[in-house]
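This is what each chain is made of:
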Amino acid sequence: MAMPSTPFHKILIANRGEIALRIIRSARALGFRTVAVYSTADADARHVQEADQAVCIGEPLPSQSYLCIPAILEAAALAGADAVHPGYGFLAENEAFARACKKAGLVFIGPSPEAIAAMGHKAGAKTLMQAAGVPCIPGYQGDDQSDARFAAEAERIGFPVMIKAAAGGGGRGMRLAPSAKAFPALLQSARSEAEAAFGNPELILERAMVAPRHIEIQVFADRHGHAIHLGERDCSVQRRHQKIIEEAPSPAVDAVLRERMGATAVAAVKAIGYEGAGTLEFLLDGEGNYYFMEMNTRLQVEHPVTEAITGLDLVELQLRVAAGEPLPLAQAEVRFDGHAIEVRLCAEDVAQGFMPQSGTMALWQMPPQLRVEDALRSGAEIPPFYDSMIAKLIAHGRTREEARRKLMAGLEDAVALGVTTNQLFMQRCLAHPVFAAGGASTAFIDQQQEELLASDSATQDRAAALAAVLLCDVAGERPSQGRPLTHTLPISLRFTLDGRMLGAGVVRAHPDRFSVGIDEGVFEIDRVERVQTSVRFVCNGLAERAVCHRDGPLLLLHYRGRQLRVEDHTRAAALKSGDAAGDGKLRASMNGRVVAVMVAVGDSVEAGQPMVTLEAMKMEHVHAAPSSGRVTALHVKTGDQVAASRVVAELAIEAP
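Note that this is a predicted model, so its numbers are computed, not measured. (Residues numbered from 1 in each chain as written. Predicted model: local features only at pLDDT ≥ 70, side-chain atom pairs only at ≥ 80, totals over all residues. Heavy atoms only, no water.)

**Observations concerning the overall build of the protein chain**
Phase 1: In terms of regular secondary structure, the protein chain is built from 16 helices and 39 strands.
Phase 2: The C-alpha radius of gyration computed for the protein chain amounts to 27 Å, which stays within 12% of the reference 26 Å derived for 656 residues, consistent with globular compactness.
Phase 3: Within the protein chain, the fraction of its 656 residues that count as buried is 54%.
Phase 4: Sequence separation of at least 24 residues holds for 63% of the intrachain contacts in the protein chain that already meet a minimum separation of 6. (Helix = DSSP H or I, 4+ residues; strand = E, 2+ residues; numbered from the N terminus. Rg over C-alpha atoms; globule rule 2.2 N^0.38 Å. Buried < 20%, exposed > 50% of the residue type's maximum accessible area, 1.4 Å probe, protein only. Contact = heavy atoms within 4.5 Å.)

**Comments concerning the sheet that holds strand β7 (residues 161-165)**
Phase 1: As summarised here, the arrangement of the four strands in space is β6-β9-β7-β8, forming an open sheet in which the pairing is antiparallel. The open sheet terminates on both sides in strands that have one partner only, identified here as β6 (139-140) and β8 (175-177).
Phase 2: As paired strands, β7 and β8 are joined by three bridges and run antiparallel to one another. Residue pairing in the sheet places Ile-163 in a bridge with Arg-175 of β8.
Phase 3: Taken strand by strand, helix α7 (residues 147-157) contacts β6, β7 and β9 (203-207), and its axis lies near 15° from that of β9. (Pairing = 2+ DSSP bridges. Axes fitted to C-alpha atoms, helices over the stretch in contact; angles between N-to-C directions.)

**Comments concerning helix α4 (residues 95-103)**
Phase 1: All buried positions along α4 are accounted for by Phe-97, Ala-98, Ala-100 and Cys-101. Axial view of α4: buried residues confined to an arc of 160°, hence all on one face. Opposite the buried face of α4, by more than 90 degrees, sit the exposed residues Lys-102 and Lys-103.
Phase 2: The inward-facing, buried residues of α4 contact α3 (69-79), β4 (83-85), β5 (107-108) and α5 (113-119). (Arc of directions from axis to C-beta.)

**So, the side chain of Thr-613**
Phase 1: Tracing the sequence through the fold places Thr-613 in strand β35 (residues 610-616).
Phase 2: Looking at Thr-613, the relative accessible area reads 5%, which means it is buried.
Phase 3: What Thr-613 contacts, discounting residues up to four positions off in sequence, is Arg-593, Val-594, Val-595, Ala-596, Met-598, Glu-620, His-621 and Val-622.

**Describing the sheet that holds strand β13 (residues 276-284)**
Phase 1: With respect to topology, eight strands assemble into an open sheet ordered β14-β13-β10-β11-β12-β15-β22-β20, the strand pairing being antiparallel. The sheet is open, and its two borders are formed by β14 (290-296) and β20 (371-374), each paired with just one other strand. This sheet shows a mean twist of 25° between the axes of neighbouring strands, independent of strand direction.
Phase 2: Judged from the six bridges that link them, β13 and β14 form a sheet pairing that is antiparallel. Each bridged residue has a counterpart across the sheet, and for Leu-284 the counterpart in β14 is Tyr-290.
Phase 3: Contacts from helix α1 (residues 17-29) reach β20 and β22 (389-397) within the one sheet, and its direction differs from that of β20 by about 115°.
Phase 4: Strands in contact with helix α10 (residues 303-310) are β10 (213-221), β11 (227-239), β12 (242-248), β15 (339-346), β20 and β22; relative to β15, the strand with the most contacts, it is inclined by about 155°.

**Describing the packing of α3 against α4**
When two helices pack together, their arrangement is captured by the angle between the axes and the distance separating the axes.
Phase 1: Packing of α3 against α4 leaves a shortest axis separation of 11 Å and a crossing angle of 30°. One element, α3, and the other, α4, form an angle in the roughly parallel class. The hand of the α3/α4 crossing is right-handed. Residue-level contacts link Ile-69, Ile-72 and Leu-73 of α3 to Ala-96, Phe-97, Ala-100 and Cys-101 of α4. (Parallel < 35°, antiparallel > 145°, perpendicular 65-115°, else oblique. Left-handed = near helix turned anticlockwise from the far one by under 90°.)

**Quick notes on the environment of Asp-568**
Phase 1: Tracing the chain through its elements places Asp-568 in strand β31 (residues 562-568).
Phase 2: Here Asp-568 falls in the buried class, since its relative accessible area comes to 11%.
Phase 3: Measuring from C-alpha to C-alpha, the distance between Asp-568 and Leu-554 comes to 6.4 Å, with 14 residues separating the pair along the chain.
Phase 4: At 2.6 Å, the side chain of Asp-568 forms a polar contact with the side chain of Thr-570. (Polar contact = N/O pair within 3.5 Å; in protein donor to acceptor, adjacent residues only side chain to side chain.)

**Some remarks on the packing of aromatic side chains**
Phase 1: According to the stated counting rule, one finds twelve aromatic pairs in the structure shown.
Phase 2: Measuring from centroid to centroid gives 5.7 Å for Tyr-140 and Phe-150, while their planes differ by 85°, and the two rings are edge-to-face. Highlighted residues: Tyr-140 in strand β6 and Phe-150 in helix α7, separated in sequence by ten residues.
Phase 3: Judged by its relative accessible area of 0%, Phe-150 is buried.
Phase 4: Put simply, the rings of Tyr-66, Phe-90, Phe-385 and Tyr-386 touch in pairs and so form one group of aromatic residues.
Phase 5: It is Arg-400 that lies over the ring of Phe-435; its NZ or CZ is 4.6 Å from the centre. (Phe/Tyr/Trp six-rings, centres within 6.5 Å; stacked < 30°, edge-to-face > 60°. Lys NZ or Arg CZ within 6 Å of the ring centre and 35° of its normal.)

**Examining the pairing of strand β37 (residues 629-634)**
Phase 1: Judged from the two bridges that link them, strand β34 (residues 604-605) and β37 form a sheet pairing that is antiparallel. The residue of β37 that forms the bridge with Ser-604 is Arg-630.
Phase 2: Direction of pairing for β37 relative to strand β39 (residues 647-653): antiparallel, over a ladder of five bridges. Within β39, the residue paired with Leu-634 across the bridge is Ala-649.

**With respect to unusual backbone geometry**
Phase 1: The omega torsion of the bond from Phe-159 to Pro-160 falls at 0°, within 30 degrees of zero and hence cis.
Phase 2: Looking at where Pro-160 falls in the secondary structure, it is placed in the loop between α7 and β7.
Phase 3: Cis geometry is adopted by the peptide bond preceding Pro-249, which originates at Ala-248 and carries an omega value of -5°.
Phase 4: For Pro-249, the location among the structural elements is in the loop between β12 and α9 (255-271).
Phase 5: Within the chain, Phe-90 stands out as a residue other than glycine whose phi angle is a positive 50°.
Phase 6: Structurally, Phe-90 can be placed in the loop between β4 and α4.

**A look at the nonpolar core**
Phase 1: Grouped together as the largest cluster of nonpolar side chains are 36 residues, with contacts concentrated most on Phe-8, Ile-11 and Phe-220.
Phase 2: Contributions of two or more residues to this core are made by β1 (10-13), α1, β11 and α11 (314-322).
Phase 3: Excluding residues that lie within four positions of it along the chain, Phe-220 makes contacts with His-226, Ala-227, Ile-228, Leu-230, Gly-276, Ala-277, Leu-314, Leu-317, Gln-318 and Leu-327.
Phase 4: Counting residues in hydrophobic clusters, the runner-up holds 34 residues, among them Trp-364, Ala-395, Val-419 and Ala-440. (Core = buried A, V, L, I, M, F, W, Y, C linked by side-chain atoms within 4.5 Å.)

**Digging into the pattern of salt bridges**
Opposite charge on two side chains lets them pair, provided their charged atoms get close.
Phase 1: A complete count under the given rule lists 45 salt bridges for this structure.
Phase 2: Salt-bridge contacts for Asp-374 lead to Arg-46; the nearest nitrogen and oxygen are separated by 3.5 Å. A residue pair is termed long-range when its members are at least 10 positions apart, and Asp-374 in strand β20 and Arg-46 in helix α2 (residues 46-50) qualify at 328 residues.
Phase 3: Through salt bridges with shared partners, a single ionic network connects Glu-216, Arg-233, Lys-243, Glu-246, Glu-281, Glu-302 and Arg-344. (Salt bridge = Lys/Arg side-chain N within 4 Å of Asp/Glu carboxyl O.)

**Concerning α7**
Phase 1: Along α7, the residues that are buried comprise Phe-150, Glu-153, Ala-154 and Ile-157. For α7, the buried positions fall inside an angular range of 105° around the axis, keeping them on one side. Turned more than 90 degrees off the buried face of α7, the exposed positions are Ala-148, Glu-155 and Arg-156.
Phase 2: The first or second residue beyond α7 is Gly-158, which carries a positive phi of 100°.

Functional significance is not addressed by these values, which are geometric in nature.
Pasting the structure below:
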């Protein structure tokens, strides 16, 4: 019996940023109208401007906007939408949201509420998979959520053990407990983050596998009983249990293993009458054994790599399946072409433990030779309330090496000035011999961290020399004007380069030639040509180029794929020694919301003791006492929103 079609014409996208723009693109190509929703923090966002209509649904915090089901349904009614696409994150795997859409007469572009309930919850999904004979990682997913039961189950499973949020994904609410001693604090931290991110504090435990590969299978199913898989993606390169590089196909999966894993995934979705796009995630050991972890009942962040090698538009498939159409191809018709790799460009400070960053992206120029999924432009604000990922860069090649080479070059050319990103770190991951050989496991970043974070003094020194010449503008020596020689006395400069204070002497030896002395090095720079933000120059005989953005004493440089922040202190009073160190002040390390204050005025604390926890971009960050002492002042309370560098607490420092 043929299943009825479900026509719809206008789609409300219950999401933001790059994923909203991605859905708008495919929806528009099929003739659908689109409605964007936005928080007050996103009022000027690109997805708001590019949709046909847009509705403000609340304040910046996700709980007051993008997670507020009544506000989204009201927006759909106001705009006359008859379908909802949830994107990924936020409410995409929320059973209550899918039911509410259905009750309101809206087509939910995703699986049924029953399927979300069955597979979107880690504990329930594992139970179903075990019953179906799918191999699962040993663990605990019971109803008893007491600390005592978890401690006992962790001992039974054996350390190290992984603590996971039962109701979410994306690495939120996930902690690796190495021992029984560390377990209680990590359990509480995971529970708190799960509650904040998903509104559900429920957790599960799993045995921690040592250095596995993270392999996921993309599946699609329609309401007519057809289901297919579109191959695998390798998502092994992760930080904080969150993916940052994805590729398809996996270097660790051959045709035989692909068929086995694909068959497992297809059988699983058929068993529950699944409809739409879904992804089954597995851990793969060195012997080719794979174990089910979870199912994401939505579109994945990394879907572009699958699109690149199959030639399919996965959002288009979602829309067609939701409208009641059968899948347009059978399993035997799925073809794979070449290799694709994606990197996630994130607003974060890698050197500070991948700490999320926010602020104004002063200059944003993405490489035209790559597929780039983003929602930014020069001058755009990156708010502190949402995920730190700001763009995805994807390269496709005939071979893995060709795709890797293209992505490395494009990533180096990408200009993102104003907010610290992981751009250089991503380049180093792609260039690392272990990744280049296809050998990266989930332990890759931990194992190679020293190399990936190593400083590059040679590049820093050359960048400092260029910065000194560009800063001569302040002293009235504009290098681009080619004015006659005025004097040969050095111009003394004092500036910071990524926080490091430097002194420099610049001598104009010729109208277009400069000799720059920094520390004990001397750099000869000539033929400096500036066209808008682009700079071409010759440094010690090597012609190069850079991109710069100037805002008063602040100079932002993009050079050799690096983002560099230069602040001119030439005319400023000399900094007092110890101005920001040893003063007993605890400062916020990023813009964020205070979710916990663990001390009170009058308490004695030891250096390193947790004092305040901030939440930024859906991650919690503990701020510890900078030294031992007594708490003399607290300037924040739970729920406060604070800016980076704000003093949140003060200590009377104990004498050594």
